[in-house]
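Secondary and tertiary structure notes
The primary structure of each chain is shown beneath.
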Amino acid sequence: GEMFPLVNRHKPNPLRLFQIWINLPKRSKMVTPGFKMHWAENMPRIRREGVEVVVYADQIDGQQAQAPPPDSYAADPAADVAILTIDVAPGARFVIP
């Protein structure tokens, strides 16, 4: 298993975890594996009335994600990879450009 450091030693440490595995391009099959930890407080966000967008890969509305692993599809602008989480309250709207 994977172990993560506790952020708060004496109170709850909520965790939202997801891993995304994308097959590498043929030219990158044997490269050293890459990994990025995305801590909540460092994530670029867009907040509007009833909407919150977190940017994990690419950029949206001027909010640029952290640099991706160097040999990943997300590092290649021609691949057009965007990873976002979008929370929309009932009745709110958000258009992905």
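Data block above holds the structure.
So, here is what we can say about the structure in this document. Predicted, not measured: the structure shown is a model, and the values here were computed from it.

A few words on the overall build of the chain. The helix and strand inventory of the chain stands at 0 helices and 5 strands. Helices (α) and strands (β) of the chain occur, in sequence order from the N terminus, as β-β-β-β-β. Here the chain has a C-alpha radius of gyration of 16 Å; the compact-globule value for 97 residues is 13 Å, and the former is much larger. Reported as C-alpha extents along the three principal axes, the dimensions of the chain are approximately 45 × 40 × 20 Å. Classification of the 97 residues of the chain by burial places 16% in the buried group. Counted over contacts in the chain with a minimum sequence separation of 6, partners at least 24 positions apart contribute 58%. With an accessible surface of roughly 8,000 Å², the chain has 54% of that area assigned to carbon and sulfur atoms. When the 11 basic and 10 acidic side-chain charges of the chain are each reduced to a single mean position, those positions are 4 Å apart.

This paragraph deals with the pairing of strand β2 (residues 51–57). Across a regular strand the side chains alternate sides, sitting on one face of the sheet and then on the other. Taking burial as the measure, the 7 residues of β2 include 6 buried ones, the bulk of the element. Counting the residues between successive antiparallel strands, the hairpin from strand β1 (residues 45–48) to β2 contains 2 residues, one of them, Gly50, with a positive phi of roughly 80°. Here β2 runs beside strand β5 (residues 83–88); their pairing, made up of 6 bridges, is antiparallel. Bridge pairing links Val54 to Thr85 in β5.

Quick notes on the rules
Every chain is numbered on its own, with residues counted from 1 as its sequence reads. pLDDT decides what is reported in this predicted model: residues at 70 or higher carry local features, side-chain atom pairs at 80 or more are listed and counted, and totals for whole chains, interfaces and linings draw on all residues regardless. Side-chain calculation: all heavy atoms of the structure are included, whereas hydrogens and water are not. For helices the rule is a DSSP run of H or I covering at least 4 residues; for strands it is a run of E covering at least 2, with both sets numbered from the N terminus onward. It is over C-alpha atoms that the radius of gyration is taken, and the globule rule equals 2.2 Å times the number of residues to the power 0.38. We call a residue buried when its accessible area falls under 20% of the maximum for its residue type, exposed when it is over 50%, and partly exposed in between, using a 1.4 Å probe and counting protein chains only. A contact between two residues is defined here by any heavy atoms of the two lying within 4.5 Å. Where accessible areas are quoted, they stem from the Shrake-Rupley method and a 1.4 Å probe; at the residue level, only the protein chains shown are allowed to cover. Positive charges come from Lys and Arg alone, negative charges from Asp and Glu alone, with His and the N- and C-terminal ends not counted. By convention, the charge on Lys lies at NZ, on Arg at CZ, on Asp at CG and on Glu at CD. By definition, two strands form a pair when at least two bridges between them are found by DSSP.

Just geometry here; none of it tells us what the structure is for.
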